[in-house]
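Each chain is listed here by its residues.
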Amino acid sequence: MDNILHDLFTFFEKMPRQGPGSIKLTNNLLQKFFHLLPPNPIGADMGSGSGAATLVLAEKAISVTAVDVHKPFLDELMRKASERKLDHLITPVVASMTDTKIAENSLDIIWSEGALFTVGLENALKYFSSILKKGGVLGFSDCFLFQKDTPDNVIAQWKEWDSNIKTVPDALKIAEGLGYRFLHAEAVTPEMWEESYFGPMEKVIESIEADKNSSAGLLERARINRKEAKFFRENNAYYGYMFLILQKI
Ligand SMILES: C[S@@+](CC[C@H](N)C(=O)[O-])C[C@H]1O[C@@H](n2cnc3c(N)ncnc32)[C@H](O)[C@@H]1O
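Since the model is a prediction, treat every value here as computed from it, not as a measurement.

K.L.:
Any details on the environment of S63? Residues and values, ideally.
P.N.:
Here S63 lies in strand 2 (residues 63-68). As a C-alpha pair, S63 and I42 span 21 residues in sequence and 5.0 Å in three-dimensional space.

K.L.:
If you had to explain the site of the ligand to someone new, which residues and values would you point to?
P.N.:
R17, G19, G47, G49 and T118 are the nearest of the 21 residues found near the ligand. At the level of secondary structure, the elements contributing two or more residues to the shell around the ligand comprise helix 3 (52-59) and strand 2. Its residues assigned to classes, the shell around the ligand shows eight nonpolar, ten polar and three charged.

K.L.:
Go over the packing of helix 5 (residues 121-131) against helix 7 (residues 168-177) with me, naming the residues and quoting the values.
P.N.:
Packed helices, taken two at a time, are described by the angle between their axes plus the distance between the axes. Following both chains from N to C, one finds helix 5 and helix 7 inclined at 30 degrees, their axes separated by 10 Å at the closest point. Taken together, the axis directions place helix 5 and helix 7 in an arrangement best described as roughly parallel. Once helix 5 is placed against helix 7, the crossing between them reads as right-handed. Two secondary-structure elements touch here, helix 5 through L121, E122 and L125 and helix 7 through A171, I174 and A175. A per-class count over the contact of helix 5 with helix 7 returns five nonpolar, no polar and one charged.

K.L.:
Report on the packing of helix 2 (residues 23-33) against helix 3, specifying residues and quantitative values.
P.N.:
Packing of helix 2 against helix 3 leaves a shortest axis separation of 10 Å and a crossing angle of 40 degrees. By the angle class used here, helix 2 and helix 3 are oblique. Along this stretch, helix 2 crosses helix 3, giving a crossing that reads as right-handed. Across the interface between the two elements, I23, T26, N27 and L30 of helix 2 pack against A52, A53, V56 and L57 of helix 3. Residue composition of the contact of helix 2 with helix 3, grouped by class: six nonpolar, two polar and no charged.

K.L.:
Can you explain the environment of L29? Please cite residues and give values.
P.N.:
Along the chain, L29 falls in helix 2. Counting along the chain gives 188 residues from L29 to G217, while the straight-line C-alpha distance between them is 38 Å. Aside from chain neighbours lying at most four places away, what touches L29 is G139, E186, F243 and I245.

Conventions we followed
Residues numbered from 1 in each chain as written. Predicted model: local features only at pLDDT ≥ 70, side-chain atom pairs only at ≥ 80, totals over all residues. Helix = DSSP H or I, 4+ residues; strand = E, 2+ residues; numbered from the N terminus. Near = placed C-beta within 6 Å. Nonpolar A, V, L, I, M, F, W, Y, C, P; charged D, E, K, R; others polar. Axes fitted to C-alpha atoms, helices over the stretch in contact; angles between N-to-C directions. Parallel < 35°, antiparallel > 145°, perpendicular 65-115°, else oblique. Left-handed = near helix turned anticlockwise from the far one by under 90°. Contact = placed C-beta atoms within 7 Å.

Structure, rendered in structure tokens:
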């Protein structure tokens, strides 16, 4: 692992969750589409991180394979799961979310919060379709541009972060082309970002800055994250996380 990646993981190991989201929203969305699932549903949380969403799935008695490339996140997930007596429902798997040992056509539900960008939306949707059962549900959140006439400074910043960022209509076109039906879209609001993500992030940044033993790399990571938070607060009319709920047809 290179130093930059090491500092990124070290920073996010200190966070209660690794991406913007809301336990309440995850709960509400699962509740809304729970009637589409069979009894004792089998699912996966792709790019689970330390399991913010995995634990919500397990609380609904879904058996979940939690897939992530970073083992320490999965270890932390299993620690929390064991505290809540949910560990019997969760199988942690260190793997890439597009290369798991999950059997074809075997899952009732796939969930993924803020993680599909790591492999690319199309790659993820293609692979997930192969392991979902017909009628299975896919719920995921990702960062999207909200409008076509995005200001130049936002376009320039996203070219640097992820030039593959899409609009929701573009994502739905890809999903429909791969055999999914659109069910629902809902925003992860700026208030949710503040509460679940930037609030805890500011505390992590302060503790890193206050620690005399923090490496230069970790201090740089803290600085980058503070800059990203500032950019989001100034420009969240133009981009943000959306949840999309799809069904394999
Ligand atoms: C922004 S975090 C979101 C984590 C979690 N879903 C949450 O909302 O807190 C992205 C996660 O994807 C994981 N990840 C990165 N590349 C991956 C891949 N190819 N396959 C599976 N997980 C991956 C990272 O380790 C990280 O935990």
